Amino acid sequence: MEWFIEVTGLPFDILILILLAVAGAFAGFVDSIVGGGGLISVPAMLLTNLPPSMALGSNKLSSIFGAGSASITFLRNHMVDFSLVRKLLPFTFIGSMIGTLAVVSLPPLYVKPIIIILLVCVTLFVVFKKDWGEVNRTSAVVGKALYICMAFALGIGAYDGFIGPGTGTFLIMGFIFTGFDFLHASANAKVLNFTSNVASLLVFLYLGHVNIKYGLATGVGQIIGAYLGSHLAIAKGSSLVRVVFLSVTTVMLLKLVYDYVSTL
């Protein structure tokens, strides 16, 4: 880091903001397609020596820019089933607030084995069932199916507030099981992910666990990355989303396994 400062002549604070913006751009790009951007942005926040809770809170601030930008793009291109999503928004919002309150007092260590098992199952399912999520087969989600979606939205919202990385991936998985293709599932997921980010951010702000300057710097990058990623997803369709989904899920799985084993 010191040699880079000498070569560029940039003050340390400015350099940190630039690097966070670059990391945010990569995170926003990936997150707008399949989620998992937190795998990039949270470690970037931690490299600034912020306490873990402050890094998570600052990341939520940046994430609302990326998720919001991607959501607007998908909504403008009529990719979101808003008649369904608007019914799920309150559950995601409440779940995320509950999860965020829990993360400040409970260690996520005991949750990670469950997440690892779920990711393994989902990855294998997508690999071997090649037509899964390729065609949009959904119809109106009503009755029992709607209640299941509400419970799912509540649970994933809580997960986002509690741990975070992979929320978009799990939301996409849920919408695909409902019958959406990868592209439309990603669009629906992004709107719910934006909602959970806002709810979590409100709690972190109340608790004073947000570095506004770092969050905004990363957020600028997130807007750029999310714009490019969402437009690319719309242009290339479900085939691209499927490939990125598998790639990000694999990386996320490896990181979660490493984190879990290293804390034993």
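Residues numbered from 1 in each chain as written. Predicted model: local features only at pLDDT ≥ 70, side-chain atom pairs only at ≥ 80, totals over all residues. Heavy atoms only, no water.

Asks: How should empty space enclosed by the protein be read in this particular structure?
Replies: Rolled over the atoms, a probe with the dimensions of a water molecule shows which regions are left empty. In this structure the tally under the stated criterion is one cavity of 30 Å³ or more. Lining the largest cavity we find 25 residues, and of these Gly38, Asn59, Lys60, Ser63 and Asp160 sit closest to its centre. Residue assignment for the lining of the largest cavity shows that the elements contributing at least two residues are helix H2 (12–34), helix H3 (38–46), helix H4 (52–76), helix H7 (143–162), helix H8 (167–178) and helix H9 (182–207). A per-class count over the lining of the largest cavity returns seven nonpolar, 15 polar and three charged. (1 Å grid on protein atoms, 1.4 Å probe; cavity = no way out; pocket = protein on both sides within 12 Å on 5 of 7 lines; lining within 4 Å. Points joined across faces, edges and corners; volume = space filled by probe spheres on them. Helix = DSSP H or I, 4+ residues; strand = E, 2+ residues; numbered from the N terminus. Nonpolar A, V, L, I, M, F, W, Y, C, P; charged D, E, K, R; others polar.)

Asks: Sorry, what's going on with a nonpolar patch on the surface here?
Replies: A surface patch of nonpolar side chains, amounting to about 410 Å² of accessible area, comprises Ile14, Ile18, Val22, Phe26 and Ile40. Looking at the secondary structure, you find Phe26 in helix H2. For Phe26, a relative accessible area of 53% translates into the label exposed. (Patch = residues over 30% accessible without salt bridge, like charges linked within 9 Å, V, L, I, M, F, W, Y side chains within 5 Å. Areas by Shrake-Rupley, 256 points an atom, 1.4 Å probe, with all protein chains shown as cover. Salt bridge = Lys/Arg side-chain N within 4 Å of Asp/Glu carboxyl O. Buried < 20%, exposed > 50% of the residue type's maximum accessible area, 1.4 Å probe, protein only.)

Asks: Sorry, what's going on with the pattern of salt bridges here?
Replies: Two side chains of opposite charge can pair, provided their charged atoms sit close to one another. Scanning all chains against the criterion turns up two salt bridges. A salt bridge links Lys60 to Asp160, with the nearest nitrogen and oxygen atoms 2.7 Å apart. Remark: Asp160 occurs in helix H7 and Lys60 occurs in helix H4; sequence separation between them is 100 residues.

Asks: Sorry, what's going on with the nonpolar core here?
Replies: Note that soluble globular proteins tend to have their nonpolar side chains buried in a common cluster. Membership of the largest hydrophobic core comes to 46 residues, with the highest contact counts inside it found for Val34, Leu88, Ile172 and Phe175. The leading source of residues in this core is H9, at nine residues. Every residue in contact with Leu88, bar those within four places of it in the chain, is listed here: Leu146, Cys149, Met150, Ala153, Phe175 and Leu192. Within the second largest apolar cluster, nine residues are counted, among which are Ile16, Leu20, Leu50 and Met54. (Core = buried A, V, L, I, M, F, W, Y, C linked by side-chain atoms within 4.5 Å. Contact = heavy atoms within 4.5 Å.)

Asks: What should I look at first to understand the environment of Ala158 in this one?
Replies: As for its placement among the helices and strands, Ala158 is situated in helix H7. Considering only alpha carbons, one finds Ala158 and Thr100, 58 residues apart in sequence, at a separation of 7.3 Å.

Asks: I tried to follow helix H5 (residues 82–103) on my own but got confused; where do I start?
Replies: Because an α-helix packs 3.6 residues into every turn, residues spaced three or four apart end up facing the same way. An ideal rise of 1.5 Å per residue puts 32 Å on 22 residues; H5 measures up with 30 Å between its terminal C-alpha atoms. Of all the bends in H5, the greatest, near 35 degrees, is centred on Leu88, and the proline Pro90 appears no more than four residues after it. Looking only at H5, the buried set comprises Leu84, Val85, Leu88, Leu89, Thr92, Gly95, Ser96, Gly99, Thr100 and Val103. (Expected span 1.5 Å × (residues − 1). Bend = angle between axes of the 7 residues up to and from the residue.)

Asks: Explain unusual backbone geometry to me, please; I cannot follow it from the model alone.
Replies: Note on backbone geometry: most residues besides glycine have negative phi, and most peptide bonds are trans. In this model, Asn49 sits at a positive phi of 70 degrees, which is unusual for a non-glycine residue. For His78, which is not a glycine, the phi torsion comes out positive at approximately 55 degrees. Looking at the element boundaries, His78 is found in the loop between H4 and H5.

Asks: Could you clarify how one ought to interpret H9 in this entry?
Replies: Its 26 residues give H9 an end-to-end C-alpha distance of 36 Å, which sits within 8% of 38 Å, the value for a rise of 1.5 Å per residue. Counting buried positions over the 26 residues of H9 gives 19, a clear majority of the element. For H9, the N-terminal capping position is held by Asp181, with its side-chain oxygen 3.1 Å away from the main-chain nitrogen of Leu183. Within two residues after H9, Gly208 carries a phi angle of roughly 75 degrees, on the positive side. (Polar contact = N/O pair within 3.5 Å; in protein donor to acceptor, adjacent residues only side chain to side chain.)

Asks: Help me understand the environment of Gly28 in this model?
Replies: On the secondary structure map, Gly28 appears in helix H2. Residue classification places Gly28 among the buried positions, given a relative accessible area of 2%. Sequence separation between Gly28 and Gly225 is 197 residues, and the spatial gap between their C-alpha atoms is 4.5 Å. Excluding its chain neighbours within four sequence positions, the residues that come into contact with Gly28 are Gln222, Gly225 and Ala226.

Asks: It is not clear to me how the packing of H3 against H4 should be interpreted in this structure. Could you clarify?
Replies: How two helices pack is summed up by the angle between their axes together with the distance between the axes. Look at H3 against H4: their axes get within 9 Å of each other, and the N-to-C directions meet at 130 degrees. Considering the angle they form, H3 stands oblique to H4. Every pair of crossing elements has a handedness; the one defined by H3 and H4 is right-handed. Contacts between H3 and H4 involve Ser41, Val42, Met45 and Leu46 from the first element and Pro52, Ala55, Leu56, Ser58, Asn59 and Ser62 from the second. Among the residues forming the contact of H3 with H4, the class breakdown is six nonpolar, four polar and no charged. (Axes fitted to C-alpha atoms, helices over the stretch in contact; angles between N-to-C directions. Parallel < 35°, antiparallel > 145°, perpendicular 65-115°, else oblique. Left-handed = near helix turned anticlockwise from the far one by under 90°.)

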